[in-house]
Amino acid sequence: MDKADLVLHSGTIFGCRGSDSVAIANGWIAAHGRFDDLKPLVGPRTHLIRLAGRVLMPGFIDCHLHFMEAASAAAGVSVERCRTIDELLNQLRSAAAKTAPGNWLRAFGCDEALMHDRRGPTREELDRAVAKNPLRLRHQTLHASWLNSRALNLLGLENSEARVPGGATVIREPSGRLSGLVVGMEEWLTNKLPRVTAAELEARARNYSRELAASGITAFTDATVRNGPAEVGAFIRLVATGAISQQTSVMIGPGHIGAVDELRPAAEAAGVRLAGVKFMDVARWEMTRLVGAIGEALARGLDCAFHSTEVEELEAILKAIAAARERLSPEALENIICRIEHGGLIPPGYPARIRALGIWVASNPGFLYYRGAKYASEPGLVNYLYRARSLAELGIPMAAGSDAPVTPAKPLHAIAAAVCRLSAEGYELAATEKILTKDALALFTTSAALLSRLSAGEIRPGYLANLIVLPANPLALKPAELINLPVDLTIVGGRVVFERGRPVIAHSAGESLPFA
Ligand SMILES: [Zn+2]
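For clarity, every value in this text was computed on a predicted model and none was experimentally measured.

Scanning the chain for helices and strands turns up 19 helices and 23 strands. Viewed in the frame of its principal axes, the chain has a C-alpha envelope of about 80 × 55 × 50 Å. Counting over 516 residues, the chain shows a buried share of 48%. Of all intrachain contacts in the chain linking residues separated by at least 6 positions in sequence, the fraction that spans at least 24 positions is 73%.

Bringing the domain arrangement of the chain into the picture now. What the domain assignment reports for the chain is domain 1 (6–53), domain 2 (81–139 + 144–183) and domain 3 (196–499). Between the C-alpha centres of domain 1 and domain 2 there is a distance of 53 Å.

Our focus in this paragraph is the sheet that holds strand E14 (residues 217–222). Judged by pairing direction, the sheet is parallel, and its 8 strands sit side by side in the order E7-E14-E15-E16-E17-E18-E19-E20 without closing on themselves. Because the sheet does not close on itself, it has two edges, and the strands there are strand E7 (60–65) and strand E20 (398–400). Going across the sheet, the axis of each strand differs from the next one's by a mean of 25 degrees, ignoring polarity. Running over the sheet, helix H11 (residues 311–326) touches strand E17 (303–308) and strand E18 (338–342) and is turned about 160 degrees from E17. Here helix H17 (residues 437–444) sits on the sheet and contacts E7 and E20; the angle it forms with E20, its principal contact strand, is near 70 degrees.

For sheets, the rule is that strands pair by backbone hydrogen bonds, running either parallel or antiparallel. Taken in spatial order, the 5 strands make up an open sheet running E2-E6-E21-E22-E23, and their pairing is mixed. Sheet topology places strand E2 (12–13) and strand E23 (495–499) at the edges, where each strand pairs with a single neighbour. Of the pairings in the sheet, the one linking strand E6 (residues 55–58) to strand E21 (residues 467–470) comprises 4 bridges and is antiparallel in character. Looking at E21, one finds that Met57 is bridged to Ile468.

Moving on: the nonpolar core. Counting 158 residues, the largest nonpolar core has Leu56, Ile294, Cys304 and Ile415 as its most contacted members. Considering each element in turn, this core owes the most residues, 8 residues, to helix H16 (residues 411–420). Discounting residues that sit within four places of it in the chain, Ile415 has contacts with Ala440, Leu441, Phe444 and Leu482.

Here we come to helix H2 (residues 67–75). For H2, the buried fraction is high: 7 of the 9 residues fall into the buried class. Burial in H2 covers these residues: Phe67, Met68, Glu69, Ala70, Ala71, Ser72 and Ala73. As for H2, its buried residues are in contact with E7, strand E8 (77–78), strand E9 (105–110), helix H7 (198–214) and E14.

Before going further, it helps to examine the environment of Arg237. Looking at the secondary structure, you find Arg237 in helix H8 (residues 229–240). Spatially, the C-alpha atoms of Arg237 and Val272 are 9.9 Å apart, while their sequence positions differ by 35 residues.

The next subject is the packing of H16 against H17. Look at H16 against H17: their axes get within 9 Å of each other, and the N-to-C directions meet at 140 degrees. The angle between H16 and H17 falls in the class oblique. Helix-helix and strand crossings are classified by hand; for H16 and H17 the assignment is right-handed. Contact with H16, carried on its side by Pro411, Ile415, Ala418 and Val419, involves Thr437, Ala440, Leu441, Leu443 and Phe444 of H17 and no other residues of that element. The class makeup of the residues in the contact of H16 with H17 is 8 nonpolar, 1 polar and no charged.

Rules of the game
- Residues numbered from 1 in each chain as written.
- Predicted model: local features only at pLDDT ≥ 70, side-chain atom pairs only at ≥ 80, totals over all residues.
- Helix = DSSP H or I, 4+ residues; strand = E, 2+ residues; numbered from the N terminus.
- Buried ≥ 20, exposed ≤ 12 C-beta atoms within 10 Å, placed from the backbone.
- Contact = placed C-beta atoms within 7 Å.
- Domains from an automatic or database assignment.
- Pairing = 2+ DSSP bridges.
- Axes fitted to C-alpha atoms, helices over the stretch in contact; angles between N-to-C directions.
- Core = buried A, V, L, I, M, F, W, Y, C linked by C-beta atoms within 7 Å.
- Parallel < 35°, antiparallel > 145°, perpendicular 65-115°, else oblique.
- Left-handed = near helix turned anticlockwise from the far one by under 90°.
- Nonpolar A, V, L, I, M, F, W, Y, C, P; charged D, E, K, R; others polar.

Here is the structure:
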């Protein structure tokens, strides 16, 4: 038998009673057991890490985030913590003071629903805070931006012949003047702003990947509907250079289903998985076209993921999946995955239909923690928001994602929220939907691995060595303690990619990850 590359020993091995050590070879878990029994696997080149009683867990899998958006938000000015207009303006003012006049100031993370003032900033306020720079302040949900006068001017939005893309809304003040808030034209704006250089993109990706690793994330799925060949190419480069250290899965937009056979070889060679197709706004799709697109995606071996936060969307999704399923053979039906993203609102009657169609719910328990204050003001709906227990009891398969940058990619926060259903401010949201810590952990480990089609999420021989070390067993902790639990070590494909207290871990480029 091959000698191990890495042996972690003398700790608690999560889910493996009686074992205190794990041996890793070629990126995979080779064995677990008592350290004495694994010693034959230790050779002269084996690296040993002493757990000293700490807990070795499967690494977290984030089933839904937006990597590039999150990396760029992390590189800009964050106003996520601001809860009043004054705090927001102060933050923007001090960021502007550090930005050369004339250069764009990019900020992220304002949401009027979470502000005590229950409104966003006015154009006049933004102009006062940021006078010498064009400003784009992105909404926390990534669906809108606030622009100051300099930005509106540079973009030509006040010209009488200004043309905005279809579906976009430019909000006006009562006087008819632009308010600075523009909705549904995010891609248009991104394309108009100065381009980010490849080197800057790589630096951002490297920083953000490290941030994910620090939260214990060893694999993620990028669920950006805009993804096509160019974006897949960017992921391939970032993974190949080692800028992204996580196991990376990428969804593509429905317009690119036909390109998948061409994209797949290069992606798989780099260890990037083409995860599926992301469908948005399906309530606006023509039903025949939607059913056709689902059928084509499934036939090409792609999973189908549907953004769903409203009832009309959910209704259209269920109808379309039911129709698409009717055209498949029983064998084909066994291996497909259709998934509802967010499942923000699932009213009575829908869970049984979701169950009957074998659909997964990729939920966001972190929304309860980070955005719960918003839901607390919608008492009529609270019982149907981000449901967990009632869906699980029906047998609906569930996993979870952060939707970063909409909420921070911190699985331990989301796990705590799934257990206690408390927002950061202390609002309790539908206590009947609380789940046990072990089930909340599964949303980011075992179940997440099944949904992501990775041999991971468990400590088991033959599974990927995607692991984390925690100072305490999460099963023994209260939600508040889970939120404060640091991650000591993160291992992806047998390589240590993060160690708490050590600034940066050298990365060998070009060494591709084992692929599940
Ligand atoms: Zn999303």
